[in-house]
Amino acid sequence: MTDITASDAARVRRVDVTSSAAKARIRARYRREARFKLYGLAALSLAAVFVVVLIGDVLSRGLPAFWQYSLVLDVHVDPAAVSSGGKVDEASIRSADFYPLTKAALESMFPGELSRKAQKQLVRLVSTDAAMPLRDELVANPSLVGTTVKTPLILSATSDLYYKGAGTQIESREMRGIATPSGTSGEITVLSSANDFADALVHLKQRIAEQARSLRSEADRLELFAGDTVTARVKALRDEAEKLQQRVDQPKVEEELDNKMPSLLIAIDGGLMKITKLSDVSATGIVLLPLRSTDEAKPGTWQLVTYETPESNRKVTDQDVAFLERFKQLGHVEQSFNWTFLTAGDSREPELAGIRGALVGTALTLVVTLVLCLPIGVMAAIYLEEFAPKGRLTDIIEVNINNLAAVPSIVFGLLGLAVFLNFFGMPRSAPLVGGITLGLLVLPTIIIASRAALKAVPPSIKEAALGVGASHQQAIFHHVLPLAMPGIMTGTIIGMAHALGETAPLLMIGMIAFIVDIPHGFTDAATVLPVQIYLWSDLPEVAFKSKTAAAIIVLLMFLFVMNGAAIWLRKRFERRW
Amino acid sequence: MHTLVDKHADAVVHANLAAGLSTPKVSAKDVNVYYGEKRALMDVSVDIPDRGVMSFIGPSGCGKSTFLRCINRMNDTIPICRVTGKITIDNQDIYDPKLDVVQLRARVGMVFQKPNPFPKSIYENVAYGPRIHGLSHSKADLDEIVQSSLEKAGLWKEVKDRLNESGTGMSGGQQQRLCIARAIAVNPEVILMDEPCSALDPIATARIEELIDELRKNFCIIIVTHSMQQAARVSQRTAFFHLGTLVEEGPTTEIFTNPKDKRTQDYITGRFG
């Protein structure tokens, strides 16, 4: 070692922590680090917001579909209706027509004369298969035949939605005069001793004026922004507004109501009348619910009822609302968990549609996928990782496995269509074919995950086994594979979750068909959850919108459970070495 | 170069004769090892006596571990590795194509640099070898093998109450002794140790060294070590490797007190390495 000379000492570079440049450098570094942390936080919170919005939206739409309103009525089971050839057995009950029984039970709720139209509408409030719970009850307990059974009737999707809040706001105002109805059914006139109707008429004119104003402003808006392209529409709007304005201005004593305005009704003597003509002193209209009598109604015992949403803007007619409100008043409406959704197959009627068929189809398909993929995938991974001679051929295979994992899934669907359906002639829409197709899709994922898991086992374990005289194969199967198993399982479950959510390849092999029956085997026609969601999301009925969201919830639950299982397996069997 | 190596080989034989070595347990003749194109070992010839400790010393990368791994053919697992020459155990050529390599490894146990117990119970760690080689016929038999192996490895007293606990949960020194117990459970003739104490603290090292001294009564032990003190303490014979060649081999006391080769002298006096 030579001594450090003065010139050497001058050349020694040392960090000068006191200089302002160094301080600036440190500040800049802190700023960079803080900025980086901020970016990460921002990204994370953005992702969290998206997730919360997505899940919240799905839940708020889907959860109502898990509950269903039904109409609990006493239904008299006429033995004649459910027997065939004088005998009552399971087959005769299953094939019986329950329509007359439910119709009778519904009509018994409304003593008095109902118009034919009203009768038809009453029956349409319940589902086409409203008596399904009754039928099941009778099959389970045939001794109930001939008695009167208290049973829930499934409501139609529209009625169900009405109770879930998709109806109209209802206002009710007590009247001050003494009212006299002219009849109990059909078209009647109600006279009042006070100026109740004059007040109502003023209200009505205000509403009409309001409507005219909104029409005019709509016309102005259109003219301003769309210009000449909508002249006809603007003219129509202005004409309509003008007509309404005339109605307001004219000191006419009688006003006609139409379905573009809120509906006005009179609840009197236990009945309900829909007003069609309103004047200062009288109201003329059609009876929706028959009156008990034509008795005079004292002040405070009769009401003017307003359905705020115009009839043309809602799915339920005034008659429907009248019936449904009456059922609710009498306490016949019950809400219960919608088991039908989980136990029934698909249906064209939203209230009868369920996801059991899709669930069973999914399970069958995934079983085929798993049985096919796990052994082949794991064996391929073991061979490639541990036994295959390293060479050009192995390299080509390896590259192609990685490529396969990136092939668009629709291509696998086309392959399934061309090979399994057209060449091998396998059944269309079957879980067998779906499972094999998804198997092809998932296989690369499983091979790659398994190879990574095998590679992650430290070589010292294998050496230890070889050192005590285990053969190569014994070392792999006794020591390396068990240690790689959690990783392989995790990869497999993630692959299966991928398969669970896959739609595109299944469309190609016909699993998109409308299938009502629940599949019983691998070759039955079936559909799977994501395809069911796709099918339902395409339907126009409002009720299917919430069914779609509910099916998404079920699918997400499945995914959560599967991914949870993957995490649990990893934690449970993870070993340190 | 070649004549030099021949001269060394002669010297080795001479030294063996001087030590009264009649039939060596392990005998290597002109062993060469190639990793692809690279020649890692050059014409190594050595005789190793039974029931004693032979230590290989030398600087890093000198080929001592490579040579050790030739003796139980562990190098077979490296695809690009090629071995020429002849190694015999009890006059049987271990590179004979008819010889089953698994059988060979049952006769030649190995303890690695880093303790590598299987992530299984202590009992399973020791029982694995006897089980796959069919050394036991009953549970009681196996229990006895496990107990005696752990006793020989000086571990029985510490673990007899927790045989079902994981082998990876023990301290490093205990793990290494477990690995020794695992190696001797199949009753090998030769035990190879590849720097068995390099990952251990001095106390654990002392225990392993005691154990080696105990085991040499029954086994032929070959140990690779970086610590010359350790070689001096535990071995009866020492071989010095340098740059892929066996420079000098002889009784340990002679190597350390009176080395014949300049390189050996430089190494043991700390000039290089």
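None of the values given here were measured: they were computed from a predicted structure.

Caption draft 1: Local environment of the overall build of chain B. Regarding its fold elements, chain B presents 11 helices and 10 strands. What you see for chain B is a C-alpha radius of gyration of 19 Å, in line with the 19 Å of a compact globule of 273 residues. Across its three principal axes, chain B shows a C-alpha extent of roughly 60 × 45 × 35 Å. Buried residues in chain B amount to 56% of all 273 residues. Taking as baseline every contact in chain B between residues at least 6 positions apart, the subset at least 24 positions apart corresponds to 68%. As displayed, chain B has an accessible area near 12,200 Å², and 51% of this comes from carbon and sulfur atoms. The average position of the 33 basic charges and that of the 33 acidic charges among the side chains of chain B differ by 2 Å.

Caption draft 2: Main features of the sheet that holds strand E9 (residues 237-242) of chain B. All names here are of chain B. Strand order across the open sheet formed by 6 strands is E6-E7-E8-E3-E9-E10, with mixed pairing between neighbours. Single-partner strands in this sheet number two, and they are strand E6 (108-111) and strand E10 (245-251). Each strand axis lies, on average, 20° off the axis of its neighbour in the sheet, ignoring direction.

Caption draft 3: Structural context of helix H2 (residues 20-62) of chain A. All names here are of chain A. Given a rise of 1.5 Å per residue, 43 residues ought to cover 63 Å, and the 62 Å separating the end C-alpha atoms of H2 matches this to within 8%. Buried within H2 are the following residues: Ala22, Val58 and Gly62. Packed against the buried residues of H2 are helix H21 (542-573).

Caption draft 4: Local environment of the interface of chain B and chain A. The partner chain A presents 18 residues to the 21 residues of chain B that form the contact. Looking only at chain B, the three residues that lose the most surface to chain A are B:Phe118, B:Pro119 and B:Tyr128, adding up to 32% of its buried area. Put simply, B:Arg69 and A:Glu463 hold a salt bridge, and the shortest N to O gap is 3.1 Å. If you look at where chain B meets chain A, you find 6 residue pairs in polar contact (both at pLDDT 80 or more). Counting only elements with at least two residues in the side of chain B that touches chain A, the list comes to helix H3 (101-107), E6 and helix H4 (122-132) of chain B. A per-class count over the side of chain B that touches chain A returns 12 nonpolar, 5 polar and 4 charged.

Caption draft 5: Inspection of the sheet that holds strand E1 (residues 67-76) of chain A at higher detail. Residues and elements named next belong to chain A. Here we have 3 strands laid out as an open sheet, ordered E2-E1-E11, and antiparallel in their pairing. Two strands close off the open sheet at either side, each with one partner strand: strand E2 (148-154) and strand E11 (333-337). Neighbouring strand axes in the sheet, compared pairwise and without regard to direction, differ in orientation by 40° on average. For E1 and E11, the ladder comprises 5 bridges, and the chain directions are antiparallel. Each residue of the ladder has a partner; that of Tyr69, found in E11, is Gln335.

Caption draft 6: View of the pairing of strand E7 (residues 263-268) of chain A. All names here are of chain A. Within E7, 6 of the 6 residues are buried, which leaves the element mostly enclosed by the surrounding structure. With burial as the criterion, each face of E7 is covered, one bearing Ser263, Leu265 and Ala267 and the other bearing Leu264, Ile266 and Ile268. Pairing of E7 with strand E10 (residues 303-307), which is carried by 5 bridges, proceeds in the antiparallel orientation. What sits directly across from Ser263, in E10, is Tyr307. Relative to strand E8 (residues 271-279), E7 runs antiparallel, the two sharing 4 bridges. Counterpart to Ile266 in the pairing with E8 is Met273. Linkage of E7 to E8, two consecutive antiparallel strands, is achieved through a turn of 2 residues, within which Asp269 is found at a positive phi near 50°.

Caption draft 7: Representation of helix H11 (residues 318-329) of chain A in the model. Residues and elements named next belong to chain A. The first and last C-alpha atoms of H11 sit 16 Å apart over 12 residues, in line with the 16 Å expected at 1.5 Å per residue. Counting buried positions over the 12 residues of H11 gives 9, a clear majority of the element. Among the residues of H11, those classed as buried are Asp318, Gln319, Asp320, Val321, Ala322, Phe323, Leu324, Arg326 and Phe327. Once H11 ends, the next one or two residues include Gly331, with phi positive near 75°.

Caption draft 8: Molecular detail of a nonpolar patch on the surface. Together, A:Val367, A:Val371 and A:Phe522 line one region of the surface with nonpolar side chains, adding up to about 260 Å² of accessible area. Within the element layout of this structure, A:Phe522 appears in the loop between helix H19 (504-508) and helix H20 (529-537).

Caption draft 9: Geometry of the nonpolar core. Core analysis: the largest hydrophobic core is formed by 100 residues, its most contacted members being B:Phe56, B:Phe67, B:Ile222 and B:Phe241. Here this core takes 11 residues from helix H18 (residues 472-500) of chain A, the largest share from any one element. Of the residues that make up this core, three or more belong to each of domain 1 (54-167 + 317-337) and domain 3 (351-573) of chain A. Among residues more than four places away in sequence, those in contact with B:Phe241 are B:Leu41, B:Val44, B:Phe56, B:Ile57, B:Gly58, B:Pro59, B:Cys62, B:Gly63, B:Lys64, B:Phe67, B:Leu246 and B:Val247. The next biggest cluster of nonpolar side chains, apart from the first, holds 44 residues, and it includes A:Ala131, A:Val145, A:Leu265 and A:Leu289.

What counts, and where the lines are drawn
Residues numbered from 1 in each chain as written. Chains lettered and ligands numbered in written order. Predicted model: local features only at pLDDT ≥ 70, side-chain atom pairs only at ≥ 80, totals over all residues. Heavy atoms only, no water. Helix = DSSP H or I, 4+ residues; strand = E, 2+ residues; numbered from the N terminus. Rg over C-alpha atoms; globule rule 2.2 N^0.38 Å. Buried < 20%, exposed > 50% of the residue type's maximum accessible area, 1.4 Å probe, protein only. Contact = heavy atoms within 4.5 Å. Areas by Shrake-Rupley, 256 points an atom, 1.4 Å probe, with all protein chains shown as cover. Lys, Arg positive; Asp, Glu negative; His and termini not counted. Charge placed at Lys NZ, Arg CZ, Asp CG, Glu CD. Pairing = 2+ DSSP bridges. Axes fitted to C-alpha atoms, helices over the stretch in contact; angles between N-to-C directions. Expected span 1.5 Å × (residues − 1). Buried area = accessible area lost by both parts, 1.4 Å probe. Salt bridge = Lys/Arg side-chain N within 4 Å of Asp/Glu carboxyl O. Polar contact = N/O pair within 3.5 Å; in protein donor to acceptor, adjacent residues only side chain to side chain. Nonpolar A, V, L, I, M, F, W, Y, C, P; charged D, E, K, R; others polar. Patch = residues over 30% accessible without salt bridge, like charges linked within 9 Å, V, L, I, M, F, W, Y side chains within 5 Å. Core = buried A, V, L, I, M, F, W, Y, C linked by side-chain atoms within 4.5 Å. Domains from an automatic or database assignment.

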